[in-house]
Amino acid sequence: MATLNATPSSTGSGRRRQRGYVLFVSLIALLVLYLGFLYFIHGTLSDAQLTGNAVQRSKNLQASDLALRAVMQQIDQIAASGQMLEISATSQAWWRAVNPGTAIPDATYWSQCAQSTDPTARCEQVAAPTGSSLPGHYADQYQSLAVVQPTGRFDSYSCQIPQYTAVYYDIVIHTAEANGRTAADTETVYKLCVPSGS
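Residues numbered from 1 in each chain as written. Predicted model: local features only at pLDDT ≥ 70, side-chain atom pairs only at ≥ 80, totals over all residues. Heavy atoms only, no water.

So what's going on with the overall build of the protein? Which residues, and what values?
Looking only at helices and strands, one finds four helices and four strands in the protein. Secondary structure elements in the protein, listed N-terminal to C-terminal, are α-α-α-β-α-β-β-β. Here the protein, with 198 residues, has 31% of them falling under the buried criterion. Sequence-distant contacts in the protein: of pairs separated by 6 or more residues, those separated by 24 or more amount to 60%. When the accessible surface of the protein is split by element, carbon and sulfur atoms take 58% of a total near 12500 Å². (Helix = DSSP H or I, 4+ residues; strand = E, 2+ residues; numbered from the N terminus. Buried < 20%, exposed > 50% of the residue type's maximum accessible area, 1.4 Å probe, protein only. Contact = heavy atoms within 4.5 Å. Areas by Shrake-Rupley, 256 points an atom, 1.4 Å probe, with all protein chains shown as cover.)

Structural data, given as structure tokens:
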């Protein structure tokens, strides 16, 4: 009888060990699946955020292009006088009276320039030109600030008109969403042909 009692007790303890092992393996498998799920969700959310930021930056650049067109229209109207902007644009808020080769504005500059009256530290808020279209309402969703500053570069051959000199200017546009989450800065070199010696 002693032999019969020993056999069932050893079999029961083996089954308990086997159940504990299966439970342990199941918990590890569930943990691995959970971590994999978290990794997948994190990757998906990160991709969605990056895609959203890229789309918004593209819209900011579209708004910057519209603001650039508006500034160029203003420059063309002022340039009709045949003078360099250093003479004809001094009263314009977008004209930045700095030495040629001065660095283009940075984030600190853009945060303060709209309120500044200093001709070396001001900018102008640019409205979208008439007849332009942009997804959404331009004035409600975007704020575009612009400055035009001298580059110090002249060229007497690129205008292809006798007695005219090309004068080059930097146009810098800062366009930000109304909520301030994303912004885009664009820089364009603008060529203005003026009579030589003006």
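Anyway, onward from the coordinates.
Account for the nonpolar core, with residues named and values stated.
Ranked by internal contacts, the top residues of the largest apolar core, which has 22 residues, are Val71, Ile75, Leu85, Trp94, Val148, Tyr169 and Ile171. Of all the secondary-structure elements, those providing two or more residues to this core are helix 1 (2–79), strand 2 (142–155), strand 3 (164–177) and strand 4 (183–195). For this core, the element with the most residues is helix 1, which contributes seven residues. Among all residues touching Val71, those that are not within four sequence positions of it are Val126, Ala146, Val148, Ile171 and Ile173. Formed by seven residues, the second largest nonpolar core is a distinct cluster that contains Tyr109, Cys113, Leu145 and Val147. (Core = buried A, V, L, I, M, F, W, Y, C linked by side-chain atoms within 4.5 Å.)

So what's going on with the side chain of Arg96? Residues and values would help.
Along the chain, the position of Arg96 falls in the loop between helix 2 (85–88) and helix 3 (107–112). Buried Arg96, no salt bridge; nearest opposite-charge side chain is Asp106, N-O distance 7.5 Å. Leave out the neighbours within four places in its chain, and Arg96 touches Thr102, Ala103, Ile104, Pro105, Tyr109, Pro119, Thr120, Val147, Val148, Gln149 and Pro150. (Lys, Arg positive; Asp, Glu negative; His and termini not counted. Salt bridge = Lys/Arg side-chain N within 4 Å of Asp/Glu carboxyl O.)

Explain the packing of aromatic side chains to me, and be specific about the residues and the numbers.
One pair of aromatic rings is described through two measures. These are the centre distance and the angle between the planes. Counting across every chain of the model gives two aromatic pairs. Their ring planes at 75° and their centres at 5.8 Å tell us that Trp95 and Tyr169 sit as a pair that is edge-to-face. Placement of Trp95 in the loop between helix 2 and helix 3 and of Tyr169 in strand 3 is noted, with a sequence separation of 74 residues between them. One exposure class covers both Trp95 and Tyr169, and it is buried. Sitting above the plane of the Tyr168 ring, Arg153 keeps its charged end 4.1 Å from the centroid. (Phe/Tyr/Trp six-rings, centres within 6.5 Å; stacked < 30°, edge-to-face > 60°. Lys NZ or Arg CZ within 6 Å of the ring centre and 35° of its normal.)

Can you lay out the state of the cysteines for me, pointing to particular residues and giving the numbers?
Going through the model one piece at a time under the given rule, you end up with two disulfides. Covalent S-S linkage joins Cys113 and Cys123, the inter-sulfur distance amounting to 1.9 Å. When the S-S torsion is 75°, as for the bridge of Cys113 with Cys123, the disulfide is right-handed. On the criterion of sequence distance, the pair formed by Cys113 in the loop between helix 3 and strand 1 (124–126) and Cys123 in the loop between helix 3 and strand 1 is long-range, its members being ten residues apart. Overall, the relative accessible area of 1% leaves Cys113 in the buried class. Numbered in order of appearance, the disulfide-bonded cysteines of the protein are paired 1-2, 3-4. (Disulfide = S-S within 2.5 Å.)

With reference to specific residues and values, describe unusual backbone geometry.
A positive phi angle, near 60°, is found at Gln160, a position not held by glycine. Its place among the elements puts Gln160 in the loop between strand 2 and strand 3. Assessed through its relative accessible area of 72%, Gln160 is described here as exposed. Phi angles above zero are rare outside glycine, and Gln163 is one such case at about 65°. Exposure remark for Gln163: the relative accessible area of 65% places this residue in the exposed category.

Quick rundown of the pairing of strand 2? Include the residues and the values.
By the bridge criterion, three bridges tie strand 1 to strand 2 in an arrangement that is antiparallel. The partner of Glu124 across the bridge, within strand 2, is Ala146. Pairing analysis gives eleven bridges linking strand 2 to strand 3, with the strands arranged antiparallel. Bridge pairing links Tyr142 to Glu177 in strand 3. (Pairing = 2+ DSSP bridges.)

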